[in-house]
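Here is what each chain is made of, one letter per residue.
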Amino acid sequence: MEVENQTAAGGGESEITPTAVTDDGVDELEESDDKPKSDSMNEPEAAQPQQTDGNTGGESEATSRPSASHEPAGDADGVTDVKTESSTDISDRPAEESETLMETSPTSQSVSTNTNKKIPELTLALVGDTNSIEIGSKNILLDNDEQTNVEQFSSKLYDLCGRHISVINMLGPQNIDQFPLNRGIHAFLLLIPNGLHHSHYSSVQWLENTFGKRSLSYVMTVLTHKPDENCENALTELRSNSSLVEKRHHTCTKSVMDENELIVLLEKLDLMVSENDPPCYSRLMFDENKEQKKLLQHKTSEDQRINSSVFQQHQTVEEMEVSTPEIKCDPVNDPVSAEDSEENRTSTGLMSELKTLPAVTHQEGGNKSRQSLEISEEINRKKQNQRETETLLSRLHLPHKHQHKLSPADFLKIGPPVKQDHETTERDLAHTFVKRLMMLDYRARYIPVRQDTSQPDPVCDTVNTDDNDLDAFLFSTSVDSDQSKQTHIHPMDVQMAAFHCSDSFLKQKMITKLSQCQYALPLLVPDPDTADIECPLWTFRQIIKTWKVTQTKDNTTTVTMKSLPIYKAQTPMVAFFRLGSLSVSKSQLINTLIKSRHSTFFHRNCPGSTKSRHLMDGVVEIAWYCPAGKPNDAFTDCITFCNLHGDALSTEKQRHILTEQSSVTVVLVPTLDKSQKSTSVITDLYKSQKPLIILIADSDCGAVEKKRTYKIGLKDRSQSDVSEELKRIIGKILSGPHKSFQLETMTKVSGVRVDEEDKVCQKGKNAAMEIMNLFQGMDVSKIKDKFLPCQGELWHDWCRINKEQYHLRGNIEKEKCAKQQQLMQIRQKQCTVSCGQLMKLFIKSLSSLSPTEKEYFLKWTQILIDAVSTDDLSSILQSYDEKWSEVLALKRKQDKSDQLTSKQAELEQISKKLQSATFGLEHIFREMGQIYEAHKSLQEPTNWLQSDWSKYPELAAELMISGHPMELMDGDAGHVPLTWISSLLDQVIRKLGDKRVFVLSVLGVQSSGKSTMLNAMFGLQFAVSSGRCTKGAFMQLVKLSEEIQKDFQCDYILVVDTEGLRALELAGNTTLHHDSELATFVVGLGNMTLINIFGENPAEMQEVLQIILQAFMRMKKVKLSPSCVFVHQNVTDVAAAEKNMDGRRRLLEKLDQMAQLAAKEEVCDAKCFSDIIAFDVQKDVKYFAQLWEGSPPMAPPNPDYSEKAQDLKATILCKASQSAGVTLSQFKAKIRDLWNALLNEQFVFSFKNTLEIAVYRKLEVQYGNWTWALRSHMLIIENQLYPRIENGKVDKVELNDLFKETNETYTEIKKEMTVYFENDTDKEMLVQWRGRFENKIKAFHEDLVSEGKIKLDEVLQQKIACKKVEEKKTEFENKLLQKSKELAHQLKDKDENKLKKHFDSVWSVWVQELTADTKPIADINLVNDQVDILQELEFEWEHINQSITSGKYKDIRRLGDYSDYVSFTKHKDDCDSSQQSQNKQMRKDRKQGTVEKMVEFVSETGTKITGYFKSLQHEDQEAIRSLTDYVEKQSLDVIKNKPVATRGYRSTYLQEVANNVKEKVAEFESKVKYALKKEFTVDLILYVFHRAETWLSEAHRKYKANNDVVIYVENNKTQYCNIFRSFCKGNSSAVVLGELICEKLKVSAVQAVCNKTAIDLAGEMKCTFPAFNGNRLNLEKHVLKSLAEEEDFNGFINYIRQPKSQVETFIRAEVKKYIFTEHKDKALDILRKNVDVINKLVSQALFTATHRVKSQGGDTDRVKNRWMEEFSSLLKDDLTFETICCQNFSDIENFDFLKEAIERRLVFISQEMKNLSVDKINESRQKPDQILIDQLCKCCWVTCPFCAAVCTNTLENHSPDKHNVPFHRPSGIKGWHKRGTVELDIDFCTTNVASDKSFHPHHDSETTIPYKHYQTAGEEYATWQITPDESKLKYWKWFVCRFQTQLENYHKLKFQGRGEIPCEWRNYTKEEAIKSLDEMCDL
């Protein structure tokens, strides 16, 4: 009980002495610690409640714990742990539970060494998001959520680890007052769900706010996730964005069911507990925190602290001295000392001062030195400042100094629009300030704050209203009520707090935006904690000021414009500060000097100002006055104004710096009195001989001057008077000699830390300086030419030549090859010059620097480049402005003299100089792109001199992801570097994934503020300064913030900013074309386009609208549908609603008018603008006021501009939320498609939407899968019905029945289609084809069923036709069986050979006897029939015999020249007239004297003129080919419709075909000017017969096999021989019947297996074989590959002439190769699998039939017949099986024996079937190759009218889509040639359609059609879409070179003259040719 009494009396406090802690002292403490330790451990539980709350836990820890710094390493930890456990966990437990704990808990163990140390029990508090874990019965940590804030014993944790662990559920918002802290908490488990890890900072802030800073030592962050989630990215962000300690974080699943995760977590918690001192968070700490918060809330004002009495200061020092030892040994007991201790650990600078504090005692207290008193004051002041700073940051929800700082990335996200009048909470105040500042809203300082509803309002007593109460209310001086209400935060504290809590890049953005808002900027900033002074020079680096200097000399006023980075500007500085307190606002006075209506410096009369401010005292702000060069300017040159906030007497360091740097010093004092301290300061200033102006508040004297010192009284004077007086005096002083100030000189000021001194900043600067050193002494206009050579003349030449490729004339392919050679030479030169020093250094820095260093490097590079170029740009721009004004003046005078031309030429020279002098980071990135493109096109390896060019896209992608704009279109060259952009976006996709983006593009007039508008809306960083306008197009990726992400389908907004559309009057058609090109490009790219119209000039608006409307018209015609919003900027009165309505009406009228004009130009039917694009004039037109509120350069941005920008942002986000956007890969493809189309003049005809093509091709593959599913199911149905028909089970097939059979599959496919069209990622694009494909599937299904019915009907007809034959077959079978049985019984000899001989001898007698009255079916003799038919048609035998003998008729279709078949005597007169016309042309040329032309004409045509009567024109050859093709197809269709297989062959079939051929030839002859010889007709008829011969022979063979009884009987000889031998061997009837059944089954089973295997193999190949498992294009590619590999010219010709025939040949060859060679094993596996299926079927039927018969019983004969019927019936659905007559097997009684006999025989048959050869598949009813041909060849076979390339659309009839093919070919392959010559055409039609050439649409047409308008040449041309593709396909170029001779011989024409093959073509190899097919097919 001794310890208990001691504790109750004060516990361990009695043992703590104020003696300084020494080593001996430590020993004493350790010794004294033993007794309480052992007593408390052994004390009965009942005694514990006597302890007080104050002493529970924390106090006992303090009494027994030695100093952390002197704690021994051995037993101390163990001792501490035991003490903690006993004091925090056991004290409040019931006795029963205590006894249990004593047995299991480590506290019941004695502790002597580390090895015996036990892990303490834990109390855990769960805080954070309620969604972070799934609370349930299986949750180990927390199995219910019924109670909160109540400690719960975790039984599951006890089961897991045998430890008693308590858990407090504090998830979600809690009432902290009910928080159970009686025993302390070992760990706060901060639970954060994955995906919401950004809330970590706010959660930590809440903990610190609620429990105090000391609670953070007890936090364990736990990131929870779903089982399938990866949270590595979240952990990485947490580590980088916070002070997260590696060993104090953990991850686990939300269910908290994984025991291993919990064990690891407990290990981490044990480690944290052992490291923490004290090991748990106690009630005492909590109370201290609450007390501290109260102290801060009720703190006195700054003036009261300054004027506190010396006695109070003395007392403070005494208290500090007394508490000094307590700080070291009892940090818990005393709230003040504990707080001091904590601050000592966290504050920089304060510890060193505490250490120097002299040790004092009570006796020495009265003799303190003044120095000690000052030190104590300083310490108190710093501590108070720290507290106030922390409180301020906590209120603003900003990170503390040691935590992660805010960065631009935190604000470079698109969140919801920020409303100007929207109130915000205090915690969001700083973030809202920064957001609005980024939007250039200078009202960001004046944000209304909504009071926090969580804070209780002061209670008003309204009950007592007597007079006394009224007096008390009216005359009371109490301030209690005010104290209870927290003062709102000073606006400048918000600004400075945000500034202090930002990283250097955000600081720079903030300061730049503040400067644009015409606000003063912080120049000298005291650190809130240490009071060290910092100059944030880095933040000024991007500020550029422009002003005009007015100089008057000799009565002449000169105005000069200056534009400089402000840190380089040398200006006079006027410094203001005050000495003491004043009633006059110094800041407001300075504002009147700069701009009277704008508060540049915040002052006491500004909205939101409060008496108390915390972060502004000692801050020096700087601002500049920039004159506009006007008479009313306050000053004639730029002046710097500096303002020291607060009393300068207390900020001596800042005051001294200002007076040193200033040109004029202005001091405000309340009065001049020698006794005041301020007088000595003024005296020193006066002695400095620097101009001084003293403003005295209580004086009314006028301005008095003495030795450049002025004294002005302020009493009874208006502010304007004082302002004017100051302007006069300052102007007077500065007109003479004065000191200049430059910001950069601040680096030399002692006592000031410059932010640029940071190592990381210096590293970035040094890397940038290495680059800048290269430019030393160079003219800025020469830099790009020297250091960036790839993008200069070389790149411009490349762009020019590349565009020329699309506008070729003459010999196109030769020109094109020459152009491509030039392009490669330029690329080679670029590679050669690409290893410059600048790019080496730049790439090295990008590659090696850390992300922060890299950001500094890029910023420094741009800053230093701007500094180099700004001076030159400024003077050039001024010259340009002057010259432009002169040109405009002359144009207005309509002066067309040479002077105007001269001035325009001068303007152009200045423009070129301006372009050369414009230099920025974008040019270095452009150089990167060109180096990459050059090396990529040549595939040049990187040498040791160069950086690795292949890494360039990755480096650029990283920058783009981090928010840097990237150039999309080079504005100087007017070109898109496709290779570079594609690779860049590929890398972005690789890093981010193929994210969805909403593309927002902007169009408008130059300098209309497009970039400024985007920057204001989204806080972007498109360049708008340095005198540079945007050139070309730039793209920037902006992430959507998490708070709005859920409402969008896309992840980013990709903003495309463009150069302005130029002033058309200055440039003419070139610029008009460029503008149209640019507008089309960006409108096509954007999901939405902002159209920026500047001013209210109708003429200018019309020019812009005409360009933009044309772009929208083009988008409509190529099926792109972007939305648009018109932004009408610089409107004078945006507030007038009526005026806005009128403006909208006029705009709509103008749009409708322009739409009609554009429709005429683009040949489009549009009556109004809404016909072109969806447009709501009420919602999609926005009016903006002018950007500046007043006249620049001193005007701030117009707040209304920012408000309108947010309104526009809301509209954009609304539209974006309704759009799916595009993926980055789709965006990349869109860039390529649009740009390739723009390179051609005919955009609409040239546009190839590869996104749409890719989606359509994918749909084609799906369509193929759907149709195959239907077809394969229909084949199975047919397979099932064939045996039923053969077995007589089905005698009629109804169409409805077939539809019912296929309905399930068809319904399933329709569901799949619905899912595909509605859920696919490209569903927006697919919707245009949905209806068509649904109809196609429906039609396919109907056709398939109809075709199936036809085939089944043929089987039924054949069955009926063979009915009599079948009856005879049965009769013969019975007779043969009877004869065999009788013969076997007669013979006794068992010798096999003798038996066979005897059977053979009687067999022929039996057959003759049985078939005596049956006539056999004769074989057909097609050759004799053909000869007879030809002779009947009166053709000479000589012609017939010669043709048959030579066999030449077989090649009639493949002939290249039909001249030998033609007689030219028919129309010789026509030929003569043609000759005369040619001679007439020659005479005309001769008459004109054009000898050269005549010679050219003769050379071109002479070769054909002389041979006209000996050979055919190409068009005639084509006509004859068409005739042969038509006749062949028609004849084969006639033959195949004849019932040969069911009724047999008739010679009349051939007779009909021959007559038809003869008629068609005669009909053809009647339409041409020549005659076809009889040999042609004979050969054509023989060719048709030859093509029909195979089919006729096969059909007749089937007929004979089914109808010739003799053949049938002979085929069964082996079967009856076996029966005969079986009877002879004495086998029973059951065995013989079993053999007979099995033999019959074998034939049927083999047929069934083959049929099923054929379908299965076709399905296998359709799904897995590369050539067959895609769409039509894929099949075509493989056909071409096969032809190239085989190099078979005849195959090529057949493909060119008859593509379908060649594809069928290819399919047959590939199927044969697959089944019989390459995948023979797979084919056999399928066959064997089907054998097993049939075997199982037969076995099951055998078992079932036997079982049924045995169960029914009956007489033997009846049972036998019933068994046979039953068995046959069970098989008839699957096998053709005829019932066997059982009368010959009357002795069978045992059916089990019969069953066994059949089963034994089936084993042998099964084995035989499994050993079948795959050749047997050829006997299947439908061959695999034919099944695949039916599936794959049911598509479009229309050929290109120019080159005969076949359309590759998978649909047979795909109207309204036009025919197209990705690989066209030279037209000469088809035989096209120059009219009147033998020169084959070498040009690709895809090249011709982009050229200026023309063609004759028909051989007899006189008119020519331009290739560009080929679709107007007739229907066959109009149905084709031929898109220019630069003829890149190498395949056909290789083909022409490889088979040149054969082609020339085939066509009897030559590749010569204009058709000569370019030499470059001959370099292509077969491998390259084949590879090019893949490149063209893979978009």
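Not measured: the values here are computed from a predicted model. (Residues numbered from 1 in each chain as written. Predicted model: local features only at pLDDT ≥ 70, side-chain atom pairs only at ≥ 80, totals over all residues. Heavy atoms only, no water.)

Okay, the overall build of the chain next. The secondary structure content of the chain amounts to 71 helices and 33 strands. The burial tally for the chain puts 53% of its 1979 residues in the buried class. When contacts within the chain are restricted to residue pairs at least 6 apart in sequence, those whose partners lie at least 24 apart make up 76%. With an accessible surface of roughly 89600 Å², the chain has 49% of that area assigned to carbon and sulfur atoms. (Helix = DSSP H or I, 4+ residues; strand = E, 2+ residues; numbered from the N terminus. Buried < 20%, exposed > 50% of the residue type's maximum accessible area, 1.4 Å probe, protein only. Contact = heavy atoms within 4.5 Å. Areas by Shrake-Rupley, 256 points an atom, 1.4 Å probe, with all protein chains shown as cover.)

Where helix α53 (residues 1514-1536) meets helix α56 (residues 1574-1603), the axes come as close as 10 Å, and the angle between the chain directions of the two elements is 40°. The angle between α53 and α56 places the two elements in the oblique class. For the pair α53 and α56, the crossing hand works out as right-handed. For the pair α53 and α56, the contacting residues are I1520, L1523, T1524, V1527, E1528, S1531, L1532, I1535 and K1536 in the first and F1576, L1580, Y1583, V1584, R1587, A1588, W1591 and L1592 in the second. Broken down by class, the residue content of the contact of α53 with α56 amounts to twelve nonpolar, two polar and three charged. (Axes fitted to C-alpha atoms, helices over the stretch in contact; angles between N-to-C directions. Parallel < 35°, antiparallel > 145°, perpendicular 65-115°, else oblique. Left-handed = near helix turned anticlockwise from the far one by under 90°. Nonpolar A, V, L, I, M, F, W, Y, C, P; charged D, E, K, R; others polar.)

This part covers the pattern of salt bridges. For the structure shown, the criterion picks out 72 salt bridges. The partner of E1819 in a salt bridge is K1816, with the nearest N and O atoms 3.1 Å apart. Classification of E1819 as partly exposed rests on a relative accessible area of 45%. What makes K1816 partly exposed here is its relative accessible area of 25%. Taken together, the salt bridges that share partners define one network made up of K854, E954, E958, R990 and K991. (Salt bridge = Lys/Arg side-chain N within 4 Å of Asp/Glu carboxyl O.)

Here Q1442 is to be found in helix α50 (residues 1437-1446). Separated by 133 residues in the primary sequence, Q1442 and E1575 place their C-alpha atoms 9.6 Å from one another.

Another point: the sheet that holds strand β11 (residues 533-535). Ordered in space as β19-β20-β18-β17-β14-β16-β15-β10-β11-β21, the ten strands form an open sheet in which the pairing is mixed. Two strands close off the open sheet at either side, each with one partner strand: β19 (704-706) and β21 (753-754). Here strand β14 (residues 573-578) runs beside strand β17 (residues 664-669); their pairing, made up of five bridges, is parallel. Bridging from a neighbouring strand, R578 pairs with L668 of β17. On the sheet, helix α21 (residues 586-594) packs against β14, β15 (620-625), β16 (639-647), β17 and β18 (692-696) and is oriented at approximately 170° with respect to β16. (Pairing = 2+ DSSP bridges.)

The element strand β6 (residues 249-253) is extensively covered by neighbouring structure, given that four of its five residues are classed as buried. Sheet topology places strand β5 (residues 219-225) next to β6; five bridges connect them, and they run parallel. Bridge pairing in β6 links T221 to H249.

Here we come to the nonpolar core. Among soluble globular proteins, nonpolar side chains are generally buried collectively. Counting 231 residues, the largest nonpolar core has L523, F641, I693, F842, M1035, F1081 and F1126 as the members making the most contacts within it. When residues in this core are grouped by element, the largest group, 13 residues, is from helix α30 (residues 851-892). Once residues lying within four places of it in the same chain are set aside, the contact partners of M1035 are M960, H964, P965, M966, L968, I981, L984, L985, L1054, V1055, V1056 and F1227. Within the second largest apolar cluster, 115 residues are counted, among which are Y1695, W1934, C1937 and W1961. (Core = buried A, V, L, I, M, F, W, Y, C linked by side-chain atoms within 4.5 Å.)

Take the packing of aromatic side chains next. According to the stated counting rule, one finds 60 aromatic pairs in the structure shown. When the centroid spacing of 6.2 Å and the interplanar angle of 70° are considered together, the rings of Y218 and Y281 count as edge-to-face. Here Y218, found in the loop between α7 (200-211) and β5, pairs with Y281, found in the loop between α9 (259-275) and α10 (283-297); they are 63 residues apart in sequence, far enough to count as distant. Take Y218 and Y281: they sit in the same class, and that class is buried. Between F1112 and F1169, the ring centres sit 6.3 Å apart and the planes meet at 80°, which makes this aromatic pair edge-to-face. Taken together, the positions of F1112 in helix α39 (residues 1098-1117) and F1169 in the loop between α40 (1137-1161) and β28 (1181-1183) put the pair 57 residues apart, joining distant regions of the chain. Side by side, F1112 and F1169 carry an identical accessibility label, which is buried. Among the aromatic side chains, those forming a connected cluster through ring pairs are F1689, F1692, Y1695, Y1931, W1932, W1934, F1935, F1939 and Y1946. Positioned above the aromatic ring of F1939 is the side chain of R1938, whose terminal nitrogen or guanidinium carbon lies 4.5 Å from the ring centre. (Phe/Tyr/Trp six-rings, centres within 6.5 Å; stacked < 30°, edge-to-face > 60°. Lys NZ or Arg CZ within 6 Å of the ring centre and 35° of its normal.)

Across the interface, helix α62 (residues 1699-1718) lies against helix α66 (residues 1824-1832) with an axial gap of 9 Å and an inter-helix angle of 140°. Relative to α66, α62 is oriented oblique. Handedness of the crossing formed by α62 with α66: right-handed. Contacts between α62 and α66 involve E1704, I1707, R1708, V1711 and I1715 on the former and, on the latter, P1824, D1825, Q1826, L1828, I1829 and L1832.

A few words on the environment of S1459. Position of S1459 relative to the elements: it lies in the loop between α50 and β30 (1462-1463). Overall, the relative accessible area of 7% leaves S1459 in the buried class. A C-alpha to C-alpha distance of 9.9 Å links S1459 and K1948, two positions 489 residues apart in sequence.

The next point concerns the side chain of Q1702. Mapped onto the elements, Q1702 comes out in helix α62. What makes Q1702 buried here is its relative accessible area of 10%. Setting aside its immediate chain neighbours within four residues, Q1702 contacts L1683, G1691, N1694 and Y1695.

Quick look at α21 now. Burial of α21 is extensive: eight of the nine residues sit out of reach of the surface. Of the positions making up α21, those classed as buried are K586, S587, L589, I590, N591, T592, L593 and I594. Along its buried surface, α21 packs onto β14, β15, β16, β17, β18 and α24 (719-734). If you check the start of α21, you find a side-chain oxygen 3.1 Å away from the backbone N of Q588, and it comes from S585. (Polar contact = N/O pair within 3.5 Å; in protein donor to acceptor, adjacent residues only side chain to side chain.)

Tracing the backbone through its elements, the reader meets K1209 in helix α41 (residues 1199-1217). By relative accessible area, which is 6% here, K1209 ends up buried. The spatial distance from the C-alpha of K1209 to the C-alpha of V418 is 9.5 Å, given a sequence separation of 791 residues. When sequence neighbours within four positions are dropped, the list of residues in contact with K1209 reads I414, G415, P416, P417, M1017 and F1018. A distance of 3.3 Å separates a polar side-chain atom of K1209 from the backbone oxygen of G415.

Before going further, it helps to spend a moment on unusual backbone geometry. Cis geometry marks the peptide bond from D277 to P278; its omega dihedral reads 0°. Take P278: it is sitting in the loop between α9 and α10. Look at the link from S1855 to P1856: it is a cis peptide, with omega at 10°. With respect to the helices and strands, P1856 occurs in the loop between α66 and α67 (1885-1888).

Now for the pairing of strand β22 (residues 966-970). Of all five residues in β22, five are buried; the element is thus mostly enclosed. The sheet contact formed by β22 and strand β24 (residues 1032-1040) spans four bridges and is antiparallel. Bridge pairing in β24 places M966 opposite M1035.

Bringing the confidence of the model for the chain into the picture now. In the predicted model, the chain carries a mean pLDDT of 77, and the fraction of residues at 70 or more is 78%. Every residue in residues 300-368 scores below 50 in pLDDT, and together they form 83 contacts with partners more than four places removed in sequence or on other chains. Confidence over residues 1063-1069 falls short of pLDDT 50; this stretch has seven contacts with residues more than four positions distant or in other chains. (pLDDT = per-residue confidence, 0-100.)

With that settled, consider the state of the cysteines. Within the structure shown, the criterion is met by zero disulfides. Unpaired in this structure, C1835 has its nearest cysteine sulfur neighbour in C1833, at a distance of 6.0 Å. (Disulfide = S-S within 2.5 Å.)

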